[in-house]
Amino acid sequence: GVRYALMHLVGGIVLKIGIEGIMVHTGSIEVQPRNLETVDAWVVLFGILMIAAAPPVSQWLADAYPEGSPFGSVFLSAFTSKTAV
């Protein structure tokens, strides 16, 4: 649980830094598609990938659940099998 919380905390901080960088450079925090031409856009993307545990920064997720409860394991397997189809 500590690794899960830590990765979400770090991912949130990285995402916030990227959003603040975009705000400083553009003067707006309007939600719109971004080209990956600036460092700020890459930082936002990396923060989102960390929070979502998407590749290439998904290795931490398997280690974050070393001893899941039976209910939690069944819930997560049922949820992921329905969304994967």
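First, a word on what this report is: a plain description of the structure on this page. (Residues numbered from 1 in each chain as written. Predicted model: local features only at pLDDT ≥ 70, side-chain atom pairs only at ≥ 80, totals over all residues. Heavy atoms only, no water.)

This part takes up unusual backbone geometry. P55 connects to P56 through a cis peptide bond whose omega is 10 degrees. Within the secondary structure, P56 sits in the loop between helix 2 (39-52) and helix 3 (59-64). Of note, the phi angle at A53 is positive, near 55 degrees, even though the residue is not glycine. Residue A53 is classed as buried on the basis of its relative accessible area, which comes to 13%. (Helix = DSSP H or I, 4+ residues; strand = E, 2+ residues; numbered from the N terminus. Buried < 20%, exposed > 50% of the residue type's maximum accessible area, 1.4 Å probe, protein only.)

Between its terminal C-alpha atoms helix 2 stretches 20 Å, which fits the 20 Å expected from 14 residues at 1.5 Å a residue. Just past helix 2, the residue A53 takes up positive phi, approximately 55 degrees. (Expected span 1.5 Å × (residues − 1).)

Bringing the pattern of salt bridges into the picture now. For the structure on display, the rule yields 1 salt bridge. K16 is the partner of E20 in a salt bridge, and the nearest nitrogen-oxygen pair spans 2.3 Å. Taken together, the positions of E20 and K16, both in helix 1 (residues 2-26) and 4 residues apart, correspond to about one turn of that helix. (Salt bridge = Lys/Arg side-chain N within 4 Å of Asp/Glu carboxyl O.)

Time to look at the nonpolar core. One finds M7, V14, L49, M50, A53, V57 and W60 forming the largest nonpolar core, which totals 7 residues. Elements represented by at least two residues in this core include exactly helix 1 and helix 2. (Core = buried A, V, L, I, M, F, W, Y, C linked by side-chain atoms within 4.5 Å.)

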